[in-house]
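Observations on the three-dimensional arrangement
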Amino acid sequence: MRPVMDSYEASAFVSFDHACPRCGAETSMRFMSPCATCMAALRDLMEREASVVDAEYSPKMNVTPNAVASKDD
Ligand SMILES: [Zn+2]
């Protein structure tokens, strides 16, 4: 039987001061990540509304029939 892994200790991850990798501002977080201001800015930048694409999908046939498999005897 595989040993069950103990749940991690959340308290082991304490906030530490580091410079935001994007803007360089001093921030304190549990993991290396952009500061809250940059996170909001990135979210604004990356988020897009779902759009309806007006195109019909027609798969391209790349496979050619196997000459041996389709051979009539
Ligand atoms: Zn930042």
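Scroll up a little and you will see the structure.
Since the model is a prediction, treat every value here as computed from it, not as a measurement.

1. Considering the overall build of the protein
- Helices and strands together make up the secondary structure of the protein, namely one helix and two strands.
- In the protein, which comprises 73 residues, the share counted as buried stands at 8%.
- A separation threshold of at least 6 residues defines the contact pool for the protein, and within that pool the share at least 24 residues apart is 0%.
- With an accessible surface of roughly 7400 Å², the protein has 56% of that area assigned to carbon and sulfur atoms.

2. Quick word on the side chain of Ser33
- By the secondary structure assignment, Ser33 is in the loop between strand E2 (26–29) and helix H1 (36–46).
- Given a relative accessible area of 16%, Ser33 falls into the buried group.

3. Brief notes about the coordination of the zinc ion
- Summarising the metal site, the zinc ion is bound by the protein donors Cys20 (SG), Cys23 (SG), Cys35 (SG) and Cys38 (SG), whose distances to it range over 2.2 to 2.3 Å.
- Around the zinc ion sit four donor atoms, and with donor-metal-donor angles ranging over 107 to 116 degrees the site reads as tetrahedral.
- Sequence spacing among the residues donating to the zinc ion works out to C-x2-C-x11-C-x2-C. A residue pair is termed long-range when its members are at least 10 positions apart, and Cys23 in the loop between strand E1 (16–19) and E2 and Cys35 in the loop between E2 and H1 qualify at twelve residues.

4. What to know about the pairing of E2
- Examined bridge by bridge, E1 and E2 share four bridges and lie antiparallel to one another. Looking at the pairing, Phe16 lines up with Met29 of E2.
- Here E1 folds back onto E2, and the loop between the two strands holds six residues, one of which, Gly24, carries a positive phi near 85 degrees.

5. Some remarks on the side chain of Thr27
- Its location among the elements puts Thr27 in strand E2.
- If we ignore the near neighbours within four places in the chain, the residues touching Thr27 are Phe16, Asp17, His18, Cys20, Ser33 and Cys35.

What counts and how
- Residues numbered from 1 in each chain as written.
- Predicted model: local features only at pLDDT ≥ 70, side-chain atom pairs only at ≥ 80, totals over all residues.
- Heavy atoms only, no water.
- Helix = DSSP H or I, 4+ residues; strand = E, 2+ residues; numbered from the N terminus.
- Buried < 20%, exposed > 50% of the residue type's maximum accessible area, 1.4 Å probe, protein only.
- Contact = heavy atoms within 4.5 Å.
- Areas by Shrake-Rupley, 256 points an atom, 1.4 Å probe, with all protein chains shown as cover.
- Donors = N, O, S within 2.8 Å, 3.2 Å for Na, K, Ca; no water.
- Tetrahedral: all angles 85-135°; square planar, octahedral: opposite > 155°, others 65-115°.
- Pairing = 2+ DSSP bridges.

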